[in-house]
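Close look at the chain arrangement
For reference, the chains in residue letters:
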Amino acid sequence: DIQMTQSPSSLSASVGDRVTITCRASQNINSYLNWYQQKPGKAPELLIFAASSLQDGIPSRFSGSGSGTDYTLTISGLQAGDFASYYCQQTYSVPRTFGGGTKVEIK
Amino acid sequence: VQLQESGPGLVRPSETLSLTCSVSGDSLSGYWWSWIRQPAGKGLEWLGRVYVNVTTNYNPSLKSRVSMSIDTSRNQFSLRLKSVTAADTAVYFCARETGISRWFDPWGQGIVVTVSS
């Protein structure tokens, strides 16, 4: 199985801040990397697919980058509605695996 | 496209958990359909997936307890998890896997399943 290590597990930030979350795969996943946002009591929502492609309807302040084993989700200008948990996921191979999640909280 | 999970919210220990995901707005054909679960306060675990030709892939962590099926006539797919314990208590989601790079979208809203006597 491919292990996905996400960091940090939590962070505190203020509205307007730039936030970076990283995800490292235990082997090369060739950009088969997706990012999801999850709010309490809700299903995850796709933000970024294929490492850097923005899903339709997602604000451009969200961006993804990376290749090989290392990937990054950046939120440029944190908004009130962005306080949530974020998960990376690899779809390079089965079993599909997720990172442990990053909870973004209000400072 | 919308997905909706259904099934019992309470399952007794050692029994079988059975859930169904109903798909509206699209056909099941051409896609993989997955089940994912999330224990309260914890992360996401992929359980497995099923294709329209009944091909399946399962998470080895569940060993032989899990099975999935698909019913194209009802536009539904299902999850069965045998011999459940309290550790199987979670929110269960269904999702469509799509795209060249295989992402999960959309997801169902999730269903809470509690394993308790």
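The notes below deal with the structure included here. (Residues numbered from 1 in each chain as written. Chains lettered and ligands numbered in written order. Predicted model: local features only at pLDDT ≥ 70, side-chain atom pairs only at ≥ 80, totals over all residues. Heavy atoms only, no water.)

Looking only at helices and strands, chain A has zero helices and 11 strands in total. Relative to the 2.2 N^0.38 estimate, which gives 13 Å for 107 residues, the radius of gyration of chain A is 13 Å and therefore close to what a compact globule would have. Seen through its C-alpha atoms, chain A measures out along the principal axes to roughly 35 × 25 × 25 Å. Taking all 107 residues of chain A together, 49% fall into the buried category. Sequence-distant contacts in chain A: of pairs separated by 6 or more residues, those separated by 24 or more amount to 56%. With the model as given, the accessible surface of chain A reaches about 4800 Å², and the carbon-plus-sulfur share is 43%. Seen as two clouds, the 8 positive and the 7 negative side-chain charges of chain A have centres 3 Å apart. (Helix = DSSP H or I, 4+ residues; strand = E, 2+ residues; numbered from the N terminus. Rg over C-alpha atoms; globule rule 2.2 N^0.38 Å. Buried < 20%, exposed > 50% of the residue type's maximum accessible area, 1.4 Å probe, protein only. Contact = heavy atoms within 4.5 Å. Areas by Shrake-Rupley, 256 points an atom, 1.4 Å probe, with all protein chains shown as cover. Lys, Arg positive; Asp, Glu negative; His and termini not counted. Charge placed at Lys NZ, Arg CZ, Asp CG, Glu CD.)

In many reports, interface size means the accessible area that the parts give up when they come together. Contact residues are listed per partner, giving 19 residues for chain A and 21 residues for chain B. For the pair chain A and chain B, the summed buried surface comes to about 1600 Å²; carbon and sulfur atoms form 63% of the total. It is A:P44, A:R96 and A:F98 in chain A that bury the most area against chain B; as a group they hold 31% of the surface buried on that side. Counting across the interface, chain A meets chain B through one salt bridge. Linking chain A with chain B are eight residue pairs in polar contact (both at pLDDT 80 or more). Those elements giving two or more residues to the side of chain A that touches chain B turn out to be β4 (33-38), β5 (45-49) and β9 (85-90) of chain A. (Buried area = accessible area lost by both parts, 1.4 Å probe. Salt bridge = Lys/Arg side-chain N within 4 Å of Asp/Glu carboxyl O. Polar contact = N/O pair within 3.5 Å; in protein donor to acceptor, adjacent residues only side chain to side chain.)

Residue and element names in this part refer to chain A. Taken in spatial order, the four strands of this open sheet run β1-β3-β8-β7, and their pairing is antiparallel. This sheet does not close on itself; its edge strands, each paired only once, are β1 (4-7) and β7 (62-67). Pairwise comparison of adjacent strand axes, ignoring direction, gives a mean angle of 15° for this sheet. In terms of strand pairing, β7 meets strand β8 (residues 70-76) through six bridges, oriented antiparallel. When the bridges of β8 are listed, F62 appears paired with I75. (Pairing = 2+ DSSP bridges. Axes fitted to C-alpha atoms, helices over the stretch in contact; angles between N-to-C directions.)

Here we take up the sheet that holds strand β8 (residues 76-81) of chain B. Each strand in a sheet pairs with its neighbour through backbone hydrogen bonds, running either in the same direction (parallel) or in the opposite one (antiparallel). All names here are of chain B. One open sheet holds the four strands; their spatial order is β1-β3-β8-β7, and the pairing between them is antiparallel. Both outer strands of the open sheet, β1 (2-6) and β7 (66-71), are each paired with one neighbouring strand and no more. Put simply, the sheet's adjacent strands are angled 20° from each other on average, direction ignored. Judged from the six bridges that link them, β7 and β8 form a sheet pairing that is antiparallel. Residue pairing across strands places D71 opposite Q76, the latter belonging to β8.

By definition, a disulfide links two cysteine residues through a covalent bond between their sulfur atoms. Residue and element names in this part refer to chain A. For the structure shown, the criterion picks out two disulfides over all chains. One disulfide bridge connects C23 with C88, the sulfur atoms lying 2.0 Å from each other. Its S-S torsion of about 60° marks the bond between C23 and C88 as right-handed, since a negative value means left-handed. Highlighted residues: C23 in strand β3 (residues 18-25) and C88 in strand β9, separated in sequence by 65 residues. (Disulfide = S-S within 2.5 Å.)

Along the chain, A:S7 connects to A:P8 via a cis peptide bond; the corresponding omega equals -5°. On the secondary structure map, A:P8 appears in the loop between β1 and β2 (10-13). Each neighbour pair has its own omega, and for A:V94 with A:P95 the value is 5°, a cis peptide bond. You can see A:P95 is positioned in the loop between β9 and β10 (97-98). One non-glycine residue, B:N75, lies in positive phi territory at about 55°. Tracing the backbone through its elements, the reader meets B:N75 in the loop between β7 and β8.

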